[in-house]
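A look at the structure
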Amino acid sequence: DALGRINLLNAAKTSMSSKIIGSESDFFAELAVKAALAVKIERDGRAKCPIGNIHVLKSHGKASVDSELVDGFALNCVRASPAMPTSLSGNVKVALLDF
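Residues numbered from 1 in each chain as written. Predicted model: local features only at pLDDT ≥ 70, side-chain atom pairs only at ≥ 80, totals over all residues. Heavy atoms only, no water.

**Considerations on the packing of aromatic side chains**
Taken as a whole and judged by the stated rule, the model has one aromatic pair. With a centroid separation of 5.0 Å and an interplanar angle of 85 degrees, the aromatic rings of Phe 27 and Phe 28 are classed as edge-to-face. Classification of Phe 28 by relative accessible area gives buried; the value is 13%. (Phe/Tyr/Trp six-rings, centres within 6.5 Å; stacked < 30°, edge-to-face > 60°. Buried < 20%, exposed > 50% of the residue type's maximum accessible area, 1.4 Å probe, protein only.)

**Considerations on helix α1 (residues 5-16)**
Residues that lie three or four places apart on an α-helix share one face, since the helix turns once every 3.6 residues. For α1, built from twelve residues, the straight-helix expectation of 16 Å at 1.5 Å per residue is met to within 8% by its first-to-last C-alpha distance of 17 Å. Every buried residue belonging to α1 is among Leu 9, Ala 12 and Met 16, and all of these are buried. The buried residues of α1 occupy one face: seen down the axis, they fall within an arc of 65 degrees. Facing away from the buried side of α1, by more than 90 degrees, are the exposed residues Ile 6 and Thr 14. The inward-facing, buried residues of α1 abut α2 (25-38). (Helix = DSSP H or I, 4+ residues; strand = E, 2+ residues; numbered from the N terminus. Expected span 1.5 Å × (residues − 1). Arc of directions from axis to C-beta. Contact = heavy atoms within 4.5 Å.)

**Here we look at α2**
An ideal rise of 1.5 Å per residue puts 20 Å on 14 residues; α2 measures up with 19 Å between its terminal C-alpha atoms. Those residues of α2 that fall on the buried side of the exposure criterion are Ser 25, Phe 28, Ala 29, Leu 31, Val 33, Ala 35 and Ala 36. Looking at the buried positions of α2, the neighbouring elements they touch are α1.

**Quick look at the nonpolar core**
One finds Leu 9, Ala 12, Met 16, Phe 28, Ala 29, Leu 31 and Val 33 forming the largest nonpolar core, which totals seven residues. Of all the elements in the fold, those that place two or more residues in this core are α1 and α2. Counting residues per element, this core draws most heavily on α2, which supplies four residues. (Core = buried A, V, L, I, M, F, W, Y, C linked by side-chain atoms within 4.5 Å.)

Taken by themselves, the reported measurements are silent on function.
If you want it as structure tokens, here you go:
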């Protein structure tokens, strides 16, 4: 909070400037700052951003600027059958099972 959003964006842009995504540094800096602030916790009057709580899922076949921040839980998997729905809406409950 003391640094301010502008300084966080500038720090993120600077750290990405020499990377392969340097040309899209504005987009990815905004994404990184949003992700860091989404996991921010305040304890004893101090703010911390546990970066370990941010996970990156890689997916092939789209442009890097198609990246998006998902608030919640994201799975990177495919449908097991074409008969399975492609989207869910309404009051949906999903069970995640691991055998």
